Amino acid sequence: MSAPLIVLVGPMGVGKSTVGQLLAERLGTGYRDTDADIVAAQGRTIAEIFVDDGESAFRALEKEAVRTALAEHEGVLALGGGAILDADTRGLLAGQQVVYLSMDVEEAVRRTGLNTARPLLAVNPRKQWRELMEARRHLYEEVATVVVATDGRTPEEVTRAALDALESKSVSPGDVPRDPRPKDAAVNDVTRIRIGGTAGSEPYEVLVGRQLLGELGGLIGTRAKRVAVIHPEALAETGDALRADLAEQGYEAIAIQVPNAEEAKTAEVAAYCWKALGQSGFTRTDVIVGVGGGASTDLAGFVAATWLRGVRWIAVPTTVLAMVDAAVGGKTGINTAEGKNLVGSFHPPAGVLCDLAALDSLPVNDYVSGLAEVIKAGFIADPVILDLIESDPQAARTPAGPHTAELIVRSIKVKAEVVSSDLKEAGLREILNYGHTLGHAIEKNERYKWRHGAAVSVGMHFAAELGRLAGRLDDATADRHRTILEAVGLPLHYRYDQWPKLLENMKVDKKSRGDLLRFIVLDGLAKPTVLEGPDPAVLLAAYGEVGE
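Below is a short write-up of the structure. Everything numeric here is computed off the predicted structure, so don't read it as measured data.

**What to know about helix α1 (residues 16–27)**
A turn of α-helix holds 3.6 residues, and therefore any two residues three or four places apart point the same way. With 12 residues, α1 should reach 16 Å at 1.5 Å per residue; the first-to-last C-alpha distance of 16 Å fits that figure. Of the residues making up α1, those classed as buried are Lys16, Val19, Gly20, Leu22, Leu23 and Ala24. Phi turns positive, to about 65°, at glycine 28, one or two residues after α1.

Next up, the structure:
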């Protein structure tokens, strides 16, 4: 029984036919389309079959056409948009190389909204397409080996991305069937969290567990010849060991050592990394691996985003902060004298490996600092996080605590859900900045000598008081900020006399609009909202609760 090299699935109008033919040309094989098979056999268009016989009759024809094509065809096969609705068809796809071509609603309406030949989009294309995708997206993802976003891409670019994605999965004809685990499935104590792709970006996975470096080669893939490991001075041994391991796997691996912590996030250090890449002949198909805390992964992602206008990169975070925040979501950047992360790019990684073993040797102050981002996730979205910490605050201060893995996984899932729907901070993603407006101002005022989590902790205390004074937040939830932050050893206060400087720093914050200050506050537990242009007197009063 033969089997296609590649099966394409996706919604109507996504370009399966065009991309399928391009893929067939690149692979030197044949192309087949099950919709075309049905039209040829019936002597009628798809729209005519829908009108004459109804959808259920068409689905029966489609199911048989897919079964026949899967049994006969050995090239590239494109399926109709609704083919995956049939459970038997999904079962037949389980051992195939399946590429899901995705697109967002605006792109779909642009491509299909005026096309009367689309029988399921005849009345209100935007509304009906959205309803179709709500019903089908999880089915496309269930059968997919890889997902390729088509928004803003030419068919040639989509074709190249599909081939790259398949190659990075190390999938080839004759391989054993892909692992059918659902997203977030825990296997051998490894949790896989899927970050959904948005316009112009691919989905990727965050892996949380122990002994995960064996996954690195699969993420790098076979197309890469060179790998650059960017690591801080404090992890020199780790960086060199990783470079040596990759060299044994056949890659031309180099290690690029950068300063520790925020000192790495400068234009000068980025330029040093660019020079190292240039001298090693780094090309667009090569891969950067960023190892270390949030500053290291921020820098590595920024270097990857800017070298040759974007190369693939993989994050290997080694701190709580980096695992739950910096390495997830694709926000990369460096600091300037004027502020934190003011120069940067949205450039999601190809994957993230959160090896919990790296936390075992983390200094307690660094570990506790990372808990600020975990607690933030609890207040804005997942109160179970707060319950777990409050059940034993002292245990939460150490990686040996009983809830360490669950706290990190829950925090990553909060951020994953947000960034999957808002990559470039157009709306929802702003809620992740809870506590960060004042926190970033404190970091700048301290010339980045304060730990990020410590500054965010003070920022959350301030945001809670601001929400309370603005009439948004109840007293009990505002007071809960103080008790939980203090219980794990995070700071609540900053110097009162620095308010004028902090106010000026906040005016250049990325979340401000012109001279209008914007803060994320809570309308209640797990109910974040935006507070624009608060009364200066209210701001001062809120800081009065924070300053000392």
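**What about the packing of helix α18 (residues 436–445) against helix α19 (residues 452–469)?**
One way to put it is that α18 packs onto α19 with a least axis distance of 7 Å and a crossing angle of 135°. It follows that α18 is oblique to α19 by the angle criterion. The element α18 and its partner α19 pack so that their crossing is right-handed. Two secondary-structure elements touch here, α18 through His436, Leu438, Gly439, His440, Ile442 and Glu443 and α19 through His452, Ala455, Val456, Val458, Gly459 and Phe462. Its residues assigned to classes, the contact of α18 with α19 comprises 6 nonpolar, 5 polar and 1 charged.

**Topic: helix α10 (residues 236–248)**
Given a rise of 1.5 Å per residue, 13 residues ought to cover 18 Å, and the 18 Å separating the end C-alpha atoms of α10 matches this to within 8%. Along α10, the residues that are buried comprise Gly239, Leu242 and Leu246. For α10, the arc enclosing every buried residue in end-on projection is 65°, short of the 170-degree limit, so these residues lie on one face. Across α10 from its buried face, at more than 90 degrees, point the exposed residues Glu237 and Glu248. Contact partners of the buried residues in α10: α9 (216–220), β9 (226–232), β10 (252–258) and β11 (287–292). Remark: glycine 250 follows α10 within two positions and exhibits a positive phi of approximately 105°.

**Considering unusual backbone geometry**
For leucine 308, which is not glycine, the phi dihedral falls at a positive 50°. Using a relative accessible area of 34% as the deciding quantity, one classes leucine 308 as partly exposed. At tyrosine 448, a position not held by glycine, the phi torsion is positive, near 65°. In this structure, tyrosine 448 sits in the loop between α18 and α19.

**A closer look at the pattern of salt bridges**
Any two side chains of opposite charge can pair, given that their charged atoms come close. Taken as a whole and judged by the stated rule, the model has 39 salt bridges. Across the salt bridge formed by lysine 265 and aspartate 298, the nearest N and O atoms sit 2.7 Å from each other. In this pair, lysine 265 sits in the loop between β10 and α11 (267–279) while aspartate 298 sits in helix α12 (residues 294–306), placing the two residues 33 residues apart along the sequence. Using a relative accessible area of 1% as the deciding quantity, one classes lysine 265 as buried.

**A short note on the packing of helix α14 (residues 364–380) against α19**
Put simply, α14 and α19 touch, their axes get as near as 6 Å, and they point 40° apart. Comparing the axis directions of α14 and α19 gives the class oblique. Here α14 runs over α19; the crossing is left-handed. Along the contact surface, α14 presents Ser369, Ala372, Glu373, Ile375 and Lys376, while α19 presents His452, Gly453, Ala454, Val456, Ser457 and Met460.

**Quick look at the packing of aromatic side chains**
Each aromatic ring pair is specified by the distance between its two centres and by the angle formed by the two planes. A complete count under the given rule lists 9 aromatic pairs for this structure. The interplanar angle of 45° and the centroid separation of 6.0 Å between the aromatic rings of phenylalanine 462 and tryptophan 499 together place this pair among those described as tilted. Here tryptophan 499 lies in helix α21 (residues 499–507) and phenylalanine 462 lies in helix α19, a separation of 37 residues in the sequence. On the basis of relative accessibility, which here comes to 1%, the residue phenylalanine 462 falls in the buried class. Judged by centre distance (6.4 Å) and plane angle (65°), the ring pair of phenylalanine 462 and tyrosine 543 falls under edge-to-face. In this pair, phenylalanine 462 is assigned in helix α19 and tyrosine 543 in helix α22 (residues 536–546), connecting sequence segments 81 residues apart. Tyrosine 543 matches phenylalanine 462 in its accessibility class, with the two residues each being buried. Through a chain of ring-to-ring contacts, the aromatic side chains of Phe462, Tyr496, Trp499, Phe519 and Tyr543 assemble into a single cluster.

**Focus: the pairing of β9**
Burial of β9 is extensive: 7 of the 7 residues sit out of reach of the surface. Neither face of β9 is open: one carries Arg226, Ala228, Ile230 and Pro232, the other Val227, Val229 and His231, and all of them are buried. Handedness of the β9-α10-β10 crossover: right-handed. Relative to β11, β9 runs parallel, the two sharing 4 bridges. Pairing of alanine 228 across the sheet is with isoleucine 288, part of β11.

**Observations regarding the side chain of glutamate 443**
Note on placement: glutamate 443 falls in helix α18. Not counting chain neighbours up to four residues away, the residues in contact with glutamate 443 comprise Lys340, Tyr448, Trp450, His452 and Ala455.

**Observations regarding the nonpolar core**
Membership of the largest hydrophobic core comes to 74 residues, with the highest contact counts inside it found for Val206, Ile288, Leu299 and Ile375. Leucine 299 has contacts with Ile230, Val258, Ala264, Val269, Ala270, Cys273, Gly333 and Ile334, leaving out every residue within four places of it along the chain.

Conventions and cut-offs
- Residues numbered from 1 in each chain as written.
- Predicted model: local features only at pLDDT ≥ 70, side-chain atom pairs only at ≥ 80, totals over all residues.
- Heavy atoms only, no water.
- Helix = DSSP H or I, 4+ residues; strand = E, 2+ residues; numbered from the N terminus.
- Expected span 1.5 Å × (residues − 1).
- Buried < 20%, exposed > 50% of the residue type's maximum accessible area, 1.4 Å probe, protein only.
- Axes fitted to C-alpha atoms, helices over the stretch in contact; angles between N-to-C directions.
- Parallel < 35°, antiparallel > 145°, perpendicular 65-115°, else oblique.
- Left-handed = near helix turned anticlockwise from the far one by under 90°.
- Contact = heavy atoms within 4.5 Å.
- Nonpolar A, V, L, I, M, F, W, Y, C, P; charged D, E, K, R; others polar.
- Arc of directions from axis to C-beta.
- Salt bridge = Lys/Arg side-chain N within 4 Å of Asp/Glu carboxyl O.
- Phe/Tyr/Trp six-rings, centres within 6.5 Å; stacked < 30°, edge-to-face > 60°.
- Right-handed = clockwise from strand over helix to strand, strands pointing away.
- Pairing = 2+ DSSP bridges.
- Core = buried A, V, L, I, M, F, W, Y, C linked by side-chain atoms within 4.5 Å.

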